[in-house]
Amino acid sequence: AADPAFVDGFRNEAELCARLLHHNIVQVLDFGRVDDTYFIAMELVEGSTVRSVFKRVVSANARVPANVVAGVGQAVLAGLHHAHREALDDDGKPLHVIHRDLGLENILVAHSGVVKVTDFGIARALREAQSAETQTVVGHSDHMAPEQANAEPLDERCDLFCVGILLWELLCGRPLFTRAHEAASLLAVIAAPIAPPSSVDASLARWDAFFAKAL
């Protein structure tokens, strides 16, 4: 909190996220300071992360049902569509907010069944058709697009690629690009062939075309 640049970034994050008004995105309600501590107040989602649900399914030697995977994917993509295309700045122009760090741990499932994306903490607003270029690789090494792993210019498609990774893992019940260490995971993201779901389970063959496009 003693670093003005950090405080500015924290404030900008809060202001940006407060503009994301969609039922599939966790709402930012307030930003402020108590003494020397800054805070962001967010909507409370009573439920679980998809990561914790997935772990319970795997520990039971089961697999997430395909219709549940589809439902989670539809909700996440609806929230991202709002961030990518519908969220507006003060002048009424699209902000083009990308998440850049999607993971099963920041997708929440409320007890009501509503799925919400949270933690737009390293999101960036892409003005008009411009792309943002990161100076460092930011995000989970095994859940990012190849251009992100290469620290190249990004646009909304990096989020869509990441959704493809997450849905593949939920459907197939195992990691896609995760390797023994971060460098190997990054290399896998960049160069590893994508195994179709049918290679894991022949009954998932109808998903092959979807993942061939998503990834």
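Rules behind the numbers
Residues numbered from 1 in each chain as written. Predicted model: local features only at pLDDT ≥ 70, side-chain atom pairs only at ≥ 80, totals over all residues. Heavy atoms only, no water. Core = buried A, V, L, I, M, F, W, Y, C linked by side-chain atoms within 4.5 Å. Buried < 20%, exposed > 50% of the residue type's maximum accessible area, 1.4 Å probe, protein only. Helix = DSSP H or I, 4+ residues; strand = E, 2+ residues; numbered from the N terminus. Contact = heavy atoms within 4.5 Å. Axes fitted to C-alpha atoms, helices over the stretch in contact; angles between N-to-C directions. Parallel < 35°, antiparallel > 145°, perpendicular 65-115°, else oblique. Left-handed = near helix turned anticlockwise from the far one by under 90°. Nonpolar A, V, L, I, M, F, W, Y, C, P; charged D, E, K, R; others polar. Pairing = 2+ DSSP bridges. 1 Å grid on protein atoms, 1.4 Å probe; cavity = no way out; pocket = protein on both sides within 12 Å on 5 of 7 lines; lining within 4 Å. Points joined across faces, edges and corners; volume = space filled by probe spheres on them. pLDDT = per-residue confidence, 0-100.

Concerning the nonpolar core
Then step 1. Val-76, Phe-120 and Leu-170 are the most contacted members of the largest nonpolar core, which has 49 residues in total.
Then step 2. Elements represented by at least two residues in this core include exactly helix H1 (4-17), helix H2 (50-59), helix H3 (66-86), strand S4 (97-98), strand S6 (115-117), helix H5 (157-172) and helix H6 (182-191).
Then step 3. Ranked by residues supplied to this core, first place goes to H5 with 11 residues.
Then step 4. Apart from the residues lying within four places of it in its own chain, the contact partners of Leu-170 are Val-50, Phe-54, Arg-63, Val-64, Val-69, Val-72 and Leu-104.

Re the packing of H3 against H5
Then step 1. Two numbers describe how H3 lies on H5: the axes approach to 10 Å, and their chain directions differ by 165 degrees. Regarding the angle of H3 to H5, the classification is roughly antiparallel. For the crossing formed where H3 meets H5, the hand is right-handed. Note on element contacts: H5 touches H3 through Asp-159, Leu-160, Val-163, Leu-167, Leu-170 and Leu-171, opposite Ala-66, Val-69, Val-72, Gly-73, Val-76, Leu-77, Leu-80 and His-84.
Then step 2. Its residues placed into classes, the contact of H3 with H5 shows 11 nonpolar, two polar and one charged.

With respect to the pairing of strand S2 (residues 37-42)
Then step 1. Note: strand S1 (residues 28-34) against S2, six bridges, orientation antiparallel. If you follow Arg-33 over to S2, its bridge partner there is Tyr-38.

Let's talk about empty space enclosed by the protein
Then step 1. The full count for this structure, using the stated rule, is one cavity of 30 Å³ or more.
Then step 2. Lining of the largest cavity is provided by Val-72, Val-76, Leu-104, Ile-107, Val-163, Leu-166, Leu-167 and Leu-170.
Then step 3. Of all the secondary structure elements, the ones that give two or more residues to the lining of the largest cavity are H3 and H5.
Then step 4. By residue number, the principal contributor to the lining of the largest cavity is H5, which donates four residues.
Then step 5. A per-class count over the lining of the largest cavity returns eight nonpolar, no polar and no charged.

Some thoughts on the confidence of the model for the protein
Then step 1. For the protein, per-residue confidence averages 89 on the pLDDT scale, and residues scoring 70 or more make up 91% of the total.
Then step 2. When the elements of the protein are averaged for pLDDT, strand S8 (residues 132-133) gives the smallest value, 50, and S6 the largest, 98.
Then step 3. When the criterion is pLDDT under 50, residues 127-132 qualifies, and its contacts beyond four places in sequence or with other chains add up to 13 contacts.

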